[in-house]
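Here is how the chains run, residue by residue.
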Amino acid sequence: MDSSFESSCSSTGSTVGSRRTCKIIVVGDAGVGKSCLSHRFCTGKFLSKTEATIGVDFREKLIEIDGEKIKVQLWDTAGQERFRKSMVQHYYRDVHGIVFVFDVTNKTSFCNLPMWMDECRQHSLGTEIPSALVCNKADLVTSTNLPELVEQARHLAEVYGMNFYVTSAKGGEGNQVDNIFVTLAQRLKSHRKECFNGCALQNRSDSFKIRSRVLTKEQENNEKWTCIC
Ligand SMILES: Nc1nc2c(ncn2[C@@H]2O[C@H](COP(=O)(O)OP(=O)(O)OP(=O)(O)O)[C@@H](O)[C@H]2O)c(=O)[nH]1
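Reading the values: the criteria
Residues numbered from 1 in each chain as written. Predicted model: local features only at pLDDT ≥ 70, side-chain atom pairs only at ≥ 80, totals over all residues. Buried ≥ 20, exposed ≤ 12 C-beta atoms within 10 Å, placed from the backbone. Helix = DSSP H or I, 4+ residues; strand = E, 2+ residues; numbered from the N terminus. Pairing = 2+ DSSP bridges. Contact = placed C-beta atoms within 7 Å. Core = buried A, V, L, I, M, F, W, Y, C linked by C-beta atoms within 7 Å. Near = placed C-beta within 6 Å. Nonpolar A, V, L, I, M, F, W, Y, C, P; charged D, E, K, R; others polar. Axes fitted to C-alpha atoms, helices over the stretch in contact; angles between N-to-C directions. Parallel < 35°, antiparallel > 145°, perpendicular 65-115°, else oblique.

Colleague: Sorry, what's going on with the pairing of strand β6 (residues 131–136) here?
Modeller: In regular strands, side chains alternate between the two faces of the sheet. With six of six residues buried, β6 lies mostly within the body of the structure. On β6, burial covers both faces: S131, L133 and C135 on one face and A132, V134 and N136 on the other are all buried. For strand β5 (residues 97–103) and β6, the ladder comprises six bridges, and the chain directions are parallel. In the strand pairing of β6, F100 is matched with L133. In this structure, β6 lies alongside strand β7 (residues 163–166), joined through four bridges in parallel fashion. What sits directly across from C135, in β7, is V166.

Next comes the structure, spelled out in structure tokens:
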């Protein structure tokens, strides 16, 4: 992979000029490891003490793809319904990528994935949005509980055109956590290469902007994910 990483979360960027922000929302049942995965990506460490997310937590990390620094902004959302209420509309605004997470030791969290996909669709995030499906807590897997669920998940990912990962936020070297988010950012970048190449950035808070709600039908088909410049 041709991406290199800066050491940890960074949003200050005092020396930074214009920079793209890639907003990725992380969704799934409570306790599947959304916070741990996003923390692991941003800091390289396993978050040993966690509390249920209330509303949403933000984490950011700068990565470099093809010589361009991109700010990957993770929106780690609450899995518990009572902590999502009234915030949900805000989560889904201007999302560029989605990470669906389930826990390999909790079949219900897998069975609930269609509900999370439905919620995304209800907020105008359909299959055109680059997405990943993550089977987390692979470190807890035994040879008996893994294969069937993982194969079903792999199939689901294939059907919906999502990248698929079996990973662990707790795992050692070689786990796939970085790949989940970097690959999404790479997909976004290649999807909208013309946008990267052709657009002058206006200010340092510029991001990959979506204007899907004002597109005509024809534009919608050709330009689901569009930079406003
Ligand atoms: N063994 C193991 N435990 C994990 C892993 N990821 C998360 N956990 C544990 O699972 C529990 C829940 O993790 P969180 O990251 O808080 O889960 P969440 O999906 O963010 O939960 P909500 O904020 O309630 O939606 C914690 O006790 C974590 O330590 C993993 O990969 N392996």
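Following the structure, the description resumes.
Colleague: Looking at this structure, how should I read helix α1 (residues 34–43)?
Modeller: For an α-helix the count is 3.6 residues per turn, leaving residues at separations of three or four pointing the same way. Extensive coverage of α1 is indicated by the burial of nine of its ten residues. Among the residues making up α1, those that are buried are K34, S35, C36, L37, S38, H39, R40, F41 and C42. Contact partners of the buried residues in α1: β2 (20–28), β3 (56–65), β4 (68–77), β5, β6 and α6 (177–191). Remark: G44 follows α1 within two positions and exhibits a positive phi of approximately 80°.

Colleague: What exactly am I supposed to notice about the nonpolar core here?
Modeller: Soluble, globular proteins show a tendency: their nonpolar side chains are buried together. The biggest cluster of nonpolar side chains holds 47 residues, and the ones touching the most others in it are I24, V26, V99, V134 and A185. The dominant element in this core, judged by the number of residues it contributes, is α6, at seven residues. In this structure, I24 is in contact with V72, Q73, L74, W75, H96, G97, V99, F181 and L184, ignoring residues within four places of it in sequence.

Colleague: Hey, could you run me through the site of the ligand in this one?
Modeller: The immediate surroundings of the ligand are formed by 20 residues, with G33, S35, T50, T53 and G79 found nearest. The element contributing the most residues to the shell around the ligand is α1, with three residues. The residue makeup of the shell around the ligand, split by class, is seven nonpolar, nine polar and four charged.

Colleague: Whenever I open this one, the pairing of β4 confuses me. Can you help?
Modeller: Where burial is concerned, most of β4 is hidden: seven out of the ten residues are buried. Looking at chain direction, β2 and β4 are connected through seven bridges and run parallel. Residue pairing across strands places T21 opposite K71, the latter belonging to β4. Remark: two residues form the turn of the hairpin made by β3 and β4, two consecutive strands paired antiparallel; D66 in that turn has positive phi of roughly 50°.

Colleague: Would you take a moment to explain the packing of α1 against α6 for this structure?
Modeller: Packed helices, taken two at a time, are described by their axes: the angle between them and the distance between them. For the pair α1 and α6, interaxial distance at closest approach is 9 Å and the crossing angle is 80°. It follows from the interaxial angle that α1 and α6 lie roughly perpendicular. In contact with L37, R40 and F41 of α1, α6 contributes V177, D178 and F181. Class assignment of the residues belonging to the contact of α1 with α6 gives a composition of four nonpolar, no polar and two charged.

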